[in-house]
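Understanding the architecture of this molecule
So the chains spell out like this:
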Amino acid sequence: MAETEDFLGQEPHPVDDDLLKEPMKKRRRSDRDQRFRAFPSVEQSALKEYERLESRTRRVLSNTYQKLIQSVFLDDSIPNGVKYLINRLLALIEKPSLDPIYIGLFGSTGAGKSSLINAIIQQDMLLPVSGESICTSCIVQVSSGCCEQYEAKIHLLSDQEWKEELKNLTRLLHRAEEPSGEEEDAWGRDDAVEEAVWKLQLFYGNGAEGKNYEELLRAKPKGKIPASRVITLKAEEAGELSVKLDPYIRTQRRGWDGESAETHIWPLIKLVEVTLPKSELIPEGVVLVDIPGTGDFNSKRDEMWKKTIDKCSVIWVISDIERVSGGRAHEDLLNESIKACQRGFCRDVALVVTKTDKLHLPEYLRERKVGNQAIQSQREAVLERNTMIKLQRNKMLKEKLKSKLPADLKILEASELVYTVSAQEYWQQGLLAEEETEIPKLREYIRRRLLDKKRRMVTTYVTEAFGLLLLTDSFNCAENLQNEYSHMSVLRRFVEEKIQLLERSIDQCFAHIERPLQEGVRDARTAYRRLLGACLVRSKGNQGFHQTLKAVCLKNGIYASRTLARIDLNEAITQPIYDRVDPVFGGIFSRSGKPTDGLALMPHIDAFKHSLQEKMTEIGIRNGWKYDSYKRSFLIQEISAILGGLEGHILRKRRRIYESLTTSVQSDLKPCYEEAAQITGKKACERMKDVIRRGVDRQVAEGMFERAQQRMQHQFQQLKNGITEKVKGSIATMLTLASSQGDGLYKELADVKSEYKEMEKLHRSLREVAENAVLRRGMQDFLLRMSPSKAPPPSRFNS
Ligand SMILES: Nc1nc2c(ncn2[C@@H]2O[C@H](COP(=O)(O)OP(=O)(O)OP(=O)(O)O)[C@@H](O)[C@H]2O)c(=O)[nH]1
Ligand SMILES: [Mg+2]
């Protein structure tokens with residue numbers, strides 16, 4: 001413990017009250033809350049310790065790197081081993097500290113996403129909210145930085161991206177020479193058209209809707225567009241930024257003839273990034289993402305919408321308490337989030353029920369079937385309803401997740417899948433106490449997630465750095481020059497065998513997908529007509545559907561708008577295949593699957609890694625590798641580092657594999673969509689539907705679903721090849737590096753003894769930091785139990 005004292009022991013524990021002095025704390029807080037606030041935040045102290053550990057490690061790496069390059073700088077040729085070392089050091093030094101954790105707030109319009117973000121960051125009105133109409137118009141990312149100012153960056157579509165949009169908008173508006181279809185005459189323009197007209201008018205002014213693509217290309221936009229395609233806003237105060245930001249984010253009313261510069265460029269806005277000054281409420285490294293709506297007509301923005309969902313490691317499905325039961329939109333959003341777990345980085349889905357303060361007491365009491373205690377107040381009713389909703393929704397969500405992602409124990413084991421929050425009460429506290437609004441709970445959740453990620457990241461980082469220092473130092477040991485040829489050839493043979501074994505187990509693992517695929521294809525063949533029909537029928541009949549359908553065809557089967565429900569024909573008809581494939585797919589890529597069931601991929605790779613490491617140790621012992629224990633431990637470390645990179649590779653490929661079914665169907669149906677998009681004139685809507693139906697029939701008869709199946713299998717094959725190639729490549733490097741005989745691989749290098757010693761110390765203190773965290777959590781729990789906050793709420797809440 002003594003040697004870590006100098007950098008861990010600087011701050012007395014457990015009370016470190018600077019850390020949690022949340023700067024903009026609130027008025028109207030009782031003494032009890034104040035005292036509670038003063039307790040150290042376990043997460044924050046641990047975070048700081050990990051940060052310190054990391055920055056010290058970086059410094060050691062930098063020093064080592066400098067010494068190394070100085071010692072080889074003037075050499076004609078640098079030995080391979082040293083080159084490897086230099087590159088690895090540099091890569092580690094430049095490795096970004098922490099990829100941000102994206103937390104996506106995903107929900108239908110009016111659910112309270114923006115209000116919730118405002119409450120979490122303790123800025124009452126930073127993001128615009130509205131009770132009347134669709135409010136947030138684009139993806140907004142909120143994070144905190146290290147500077148003192150409030151800043152916002154508004155990212156615009158590039159020239160190319162806008163041209164693509166323009167082409168599609170004009171094609172959608174383009175009228176045929178012949179008289180237009182009767183649906184249109186009778187019912188006027190549909191939503192898709194209205195949106196297109198309005199975008200063009202905002203950007204080019206009235207009359208733009210009548211011009212064709214070429215004319216509009218030559219037309220002068222009304223607004224001024226910065227060449228960088230980014231608009232930066234800065235402010236000293238949150239309120240000031242909020243005012244500047246509002247017109248960019250808030251959905252502009254149609255038919256409103258605004259003359260401000262912001263409105264004119266509004267159709268170009270792609271994404272808004274807001275950076276707050278340093279905040280303890282959302283620490284650096286966390287990004288809250290407000291994801292409104294269900295996609296976008298512009299392909300680039302729509303792609304971004306999907307990608308944004310996929311890069312979130314946490315998704316909160318936000319739902320208004322009054323709509324949380326039933327509601328198609330809610331189910332759709334939930335399904336989309338679960339899909340994100342299959343394709344993207346998401347490891348955590350939670351349901352956040354908002355506006356829990358909204359309760360009409362007489363109505364509630366009349367409907368109430370459970371609970372035997374008398375309800376005396378609005379507050380009691382709200383709390384009781386919260387408990388009920390949690391129980392009920394938790395069960396439902398768990399079941400849903402279990403059927404779709406059966407192997408992802410991590411998600412399933414999460415103790416809390418449902419939160420019941422009230423952003424309004426957070427500010428007013430007329431009904432609920434702050435803790436009961438559950439906003440602090442969400443903050444704690446965020447901090448814990450960040451700490452968890454930081455811990456994992458720093459542990460790997462320090463371990464890797466230590467391994468490298470071991471090797472660098474061992475380059476200077478004379479004993480290394482002994483001939484190790486025989487160990488190496490043994491090892492080489494062993495590795496070859498193990499790689500073959502790995503290939504076989506990957507084959508077996510991927511074979512699990514075949515049956516569900518076949519069954520899914522069979523199901524799809526029987527169900528596709530019904531599923532397609534459901535997409536092509538609107539409750540209002542064809543009225544106003546004609547152009548939306550045209551938009552669907554222009555976009556190869558997908559229509560998304562910022563304001564209307566998403567339509568995806570390709571996804572709809574492949575759904576039966578996904579229904580079969582999902583559980584197995586989730587199992588293959590599960591990160592927490594049971595190693596015995598053979599379904600999950602990662603345990604096979606882990607087993608491979610362990611067998612290599614064991615062999616290394618064994619060879620070392622047998623050959624009295626005592627002088628070279630350094631190198632041996634480095635090689636063991638490095639095997640982990642190399643194979644650790646594989647996980648990222650697999651994760652990236654997973655998305656391609658998952659989407660291969662819909663992309664395959666989409667490309668097969670492309671000609672049919674194109675044909676349908678050309679149709680205008682009388683009964684255009686019916687004729688379009690006909691073309692689509694016949695086109696799909698023809699493709700299905702010609703084996704469209706079977707092709708999709710093959711493409712997915714092919715993608716799996718490619719993943720397997722990628723894995724084995726990567727493994728082979730890295731093992732080869734390792735072996736070259738490990739065998740010191742031959743071409744003067746090693747050379748006298750700079751003395752890095754002191755760096756090595758320091759690194760050894762840092763490596764040892766990893767455990768210390770983890771222990772401290774556990775200890776502090778225990779202390780905090782104890783203090784919490786002793787705190788009067790568990791006592792009955794103060795009387796003002798009982799009225
Ligand atoms: N009673 C009550 N109203 C709330 C609460 N949270 C939000 N609201 C109201 O709900 C309305 C919609 O809130 P927003 O935050 O704009 O909803 P949103 O999900 O961001 O909506 P879009 O931006 O359109 O996607 C506003 O009038 C808010 O004041 C709450 O906790 N309680
Ligand atoms: Mg909003």
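Note that the structure is predicted; figures quoted are calculated from it, not measured. (Residues numbered from 1 in each chain as written. Chains lettered and ligands numbered in written order. Predicted model: local features only at pLDDT ≥ 70, side-chain atom pairs only at ≥ 80, totals over all residues. Heavy atoms only, no water.)

Overview of the overall build of the protein
The criterion, for reference: Note on conventions: DSSP H or I runs of at least 4 residues are helices, E runs of at least 2 residues are strands, and numbering of each starts at the N terminus. The rule is simple: take the accessible area with a 1.4 Å probe, protein chains only, and divide by the maximum for that residue type; under 20% is buried, over 50% is exposed, in between is partly exposed.
Of the regular secondary structure elements, the protein holds 27 helices and 11 strands. Here the protein holds 799 residues, and 54% of them are scored as buried.

Observations regarding the packing of aromatic side chains
Selection rule: Two aromatic rings from Phe, Tyr or Trp, using only the six-membered ring of Trp, form a pair when their centres are within 6.5 Å; if the ring planes differ by under 30 degrees the pair is stacked, by over 60 it is edge-to-face, and anything between is tilted. Charge-over-ring contacts are defined here by two conditions on Lys NZ or Arg CZ: a distance within 6 Å of the ring centre and an angle within 35 degrees of the ring normal.
According to the stated counting rule, one finds 16 aromatic pairs in the structure shown. Among the aromatic residues, those joined into a cluster by ring pairs are Phe510, Tyr578, Phe585, Phe589, Tyr658 and Phe716. Its guanidinium or amino end placed over the ring of Tyr102, Lys311 lies 4.4 Å from that ring's centre, counting from NZ or CZ.

Looking at helix H12 (residues 299–311)
Working note: α-helix, 3.6 residues per turn, so residues spaced by three or four point in the same direction. Cut-off, in case you're wondering: Take the number of residues in a helix, subtract one, and multiply by 1.5 Å to get its expected span.
Here H12 spans 18 Å end to end across 13 residues, near enough to the 18 Å set by a 1.5 Å rise per residue. Of the positions making up H12, those classed as buried are Arg301, Asp302, Met304, Trp305, Lys306, Thr308, Ile309 and Asp310.

Things to note about the coordination of the magnesium ion (ligand 2)
Basically, it comes down to this: In this description, a donor is an N, O or S atom within 2.8 Å of the metal centre, a cutoff extended to 3.2 Å for sodium, potassium and calcium. Water is not part of the atom list, which can make sites seem incomplete.
Ligation of the magnesium ion (ligand 2) by protein atoms is provided by Ser114 (OG) and Thr136 (OG1), these donors lying 2.0 to 2.1 Å from the ion. Here the residue Ser114 occupies a position in helix H5 (residues 113–120), and Thr136 occupies one in the loop between H5 and strand S2 (139–144), the gap between them amounting to 22 residues. Per residue, the accessibility class of Ser114 equals that of Thr136, and both read buried.

Focus on the environment of Asp99
Position of Asp99 among the secondary structure elements: in the loop between helix H4 (80–94) and strand S1 (101–107). Separated by 186 residues in sequence, Asp99 and Gly285 have C-alpha atoms that sit 7.1 Å apart.

A closer look at the nonpolar core
One broad rule of soluble globular proteins: the nonpolar side chains tend to lie buried together. As a reminder of what qualifies: Among the buried residues, those of types Ala, Val, Leu, Ile, Met, Phe, Trp, Tyr and Cys that are joined through side-chain atoms within 4.5 Å form a nonpolar core. We call two residues in contact when some of their heavy atoms are within 4.5 Å.
In terms of nonpolar packing, the biggest core is built from 174 residues, with Val142, Val274, Leu288, Trp316, Ile588, Leu601 and Phe705 touching the most fellow members. Considering each element in turn, this core owes the most residues, 16 residues, to helix H18 (residues 439–474). If we ignore the near neighbours within four places in the chain, the residues touching Val142 are Ile117, Ile121, Leu127, Val274, Leu276, Ile282, Val286, Val287 and Leu288. If you look at the next biggest cluster of nonpolar residues, it comprises 30 residues, including Ile139, Trp305, Ile321 and Ile338.

Focus on unusual backbone geometry
Despite not being glycine, Gln122 has its phi angle at roughly 60 degrees, a positive value. With respect to the secondary-structure elements, Gln122 resides in the loop between H5 and S2. Residue Gln122 is classed as buried on the basis of its relative accessible area of 8%. Despite not being glycine, Asn556 shows a phi value in the positive range, around 50 degrees. Relative to the elements of secondary structure, Asn556 occurs in the loop between helix H21 (546–554) and strand S10 (558–559).

Concerning the pairing of strand S5 (residues 269–276)
To keep things clear, this is the line we draw: Pairing between two strands requires that DSSP report at least two bridges joining them.
The buried fraction of S5 is high, at 6 of 8 residues. Sheet analysis places S2 next to S5, joined by 6 bridges and oriented parallel. Its bridge partner being in S5, Ser143 is matched across the sheet by Thr275.

A short note on the pairing of strand S3 (residues 150–156)
Working note: regular strand, side chains alternate between the two faces of the sheet. For S3, a buried count of 6 out of 7 residues is recorded, marking the element as mostly surrounded by other parts of the structure. Summarising the sheet, S3 and strand S4 (residues 230–235) pair through 6 bridges and their orientation is antiparallel. From the neighbouring strand, Ile154 faces S4, where its bridge partner is Ile231. Bridge count for S3 against S5 is 6 bridges, and the pairing is antiparallel. If you follow Lys153 over to S5, its bridge partner there is Glu273.

Focus: the confidence of the model for the protein
Rule in force here: Per residue, pLDDT captures the predictor's confidence, and it can take any value from 0 to 100.
With 80% of its residues at a pLDDT of at least 70, the protein reaches an overall mean of 81. In the model, residues 176–188 has pLDDT below 50 throughout and makes 20 contacts with residues more than four positions away in sequence or in other chains. Low pLDDT, under 50, characterises residues 478–483; the predicted model gives this stretch 10 contacts beyond four residues in sequence or across chains.

Overview of the pattern of salt bridges
Filter applied, for reference: Whenever a carboxyl oxygen of Asp or Glu lies within 4 Å of a side-chain nitrogen of Lys or Arg, that contact is scored as a salt bridge.
The tally for this structure, following the rule as stated, stands at 45 salt bridges. Among the salt bridges present, the one from Glu54 reaches Lys454, with a minimum N-O distance of 3.1 Å. Here Lys454 lies in helix H18 and Glu54 lies in helix H3 (residues 42–72), a separation of 400 residues in the sequence. On the basis of relative accessible area, Lys454 is assigned to the buried category, the value being 4%. Glu519 is paired through a salt bridge with Arg515; the nearest N and O atoms lie 3.3 Å apart.

Things to note about the site of ligand 1
What counts here: Neighbouring residues are identified by heavy atoms, a residue being near a molecule or strand if any of them is within 4 Å of it. The definition of a polar contact used here is a pair of N or O atoms within 3.5 Å, where within protein one atom must be able to donate a hydrogen and the other to accept one, and adjacent residues in sequence count solely through side-chain atom pairs. Residue exposure ignores everything except the shown protein chains as possible cover, and the areas themselves are Shrake-Rupley values with a 1.4 Å probe. Lys, Arg, Asp and Glu make up the charged group, whereas Ala, Val, Leu, Ile, Met, Phe, Trp, Tyr, Cys and Pro make up the nonpolar group; the residues left over, Gly among them, are polar.
The environment of ligand 1 is made up of 20 residues, and the closest members are Thr109, Ser115, Cys135, Thr136 and Asp357. Interatomic distance of 2.8 Å between a side-chain N/O atom of Lys113 and an oxygen atom of ligand 1. Take Ala423: an N or O atom from its main chain is 2.9 Å from an oxygen atom of ligand 1. Relative to its free-state accessible area of 650 Å², ligand 1 is covered by the protein chains to the extent of 87%. Where the shell around ligand 1 is concerned, the elements lending two or more residues are H5 and helix H17 (423–428). The biggest single contributor to the shell around ligand 1 is H5, with 3 residues. Across the shell around ligand 1, the residue classes tally to 5 nonpolar, 11 polar and 4 charged.

Comments concerning a positive patch on the surface
What counts is decided by this rule: In this analysis, a patch consists of residues with relative accessible area above 30% that form no salt bridge, clustered at 9 Å for like charges and at 5 Å for the nonpolar side chains Val, Leu, Ile, Met, Phe, Trp and Tyr. We score Asp and Glu as negative and Lys and Arg as positive, and we do not count His or the chain ends. Taken as the charge location is NZ of Lys, CZ of Arg, CG of Asp or CD of Glu.
A surface patch of like charges, here positive, comprises Arg652, Lys653, Arg656 and Lys726. It is helix H24 (residues 629–677) that provides the largest number of residues to the positive patch, a total of 3 residues.

So, the sheet that holds S4
Threshold: Think of each axis as a best-fit line through the C-alpha atoms, taken over the contacting stretch in the case of a helix, with angles from 0 to 180 degrees between the N-to-C directions.
Across the sheet, which stays open at both edges, the 9 strands sit in the order S4-S3-S5-S2-S6-S1-S7-S8-S9 with mixed pairing between neighbours. In this open sheet, the two strands that pair with only one neighbour each are S4 and strand S9 (418–420). On average, each strand axis in the sheet is inclined to that of its neighbour by 20 degrees, with strand direction left out of account. In this fold helix H10 (residues 238–249) packs onto S2, S3, S4 and S5, with an angle of close to 155 degrees to the strand it touches most, S4.

Thoughts on the packing of helix H6 (residues 159–173) against helix H8 (residues 191–204)
Rule in force here: Should an angle fall under 35 degrees it is taken as roughly parallel, and over 145 as roughly antiparallel, whereas 65 to 115 is taken as roughly perpendicular and any remaining angle as oblique. A clockwise turn of the near helix away from the far one marks a right-handed crossing, whereas an anticlockwise turn of less than a right angle marks a left-handed crossing.
It is the contact of H6 with H8, at a shortest axis distance of 10 Å, that shows an interaxial angle of 130 degrees. Considering the angle they form, H6 stands oblique to H8. Pair H6 / H8 crosses with left-handed handedness. Here Trp162, Glu165, Leu166, Leu169, Leu172 and Leu173 of H6 come into contact with H8, specifically with Ala192, Val193, Ala196, Val197, Lys199, Leu200, Phe203 and Tyr204. Taken together, the residues of the contact of H6 with H8 sort by class into 12 nonpolar, no polar and 2 charged.

Here's the deal with the packing of helix H20 (residues 514–536) against helix H22 (residues 569–588)
For the pair H20 and H22, the least separation of the axes is 7 Å and the interaxial angle reads 150 degrees. Judged by the angle between their axes, H20 and H22 are roughly antiparallel. H20 and H22 meet at a crossing whose hand is right-handed. Taken together, the residues of the contact of H20 with H22 break down into 17 nonpolar, 1 polar and 4 charged.

Quick notes on the environment of Glu380
You can see Glu380 is positioned in helix H15 (residues 378–404). Taking C-alpha positions, Glu380 is 9.5 Å from Leu432, a pair spaced 52 residues apart along the chain. Once residues within four sequence positions are removed from consideration, Glu380 is found in contact with Ala374 and Ile375.

Side note on the environment of Gly110
Within the secondary structure layout, Gly110 lies in the loop between S1 and H5. As a C-alpha pair, Gly110 and Glu132 span 22 residues in sequence and 8.4 Å in three-dimensional space. In this structure Gly110 touches Asp320 and Lys355, once residues within four positions along its chain are discounted.

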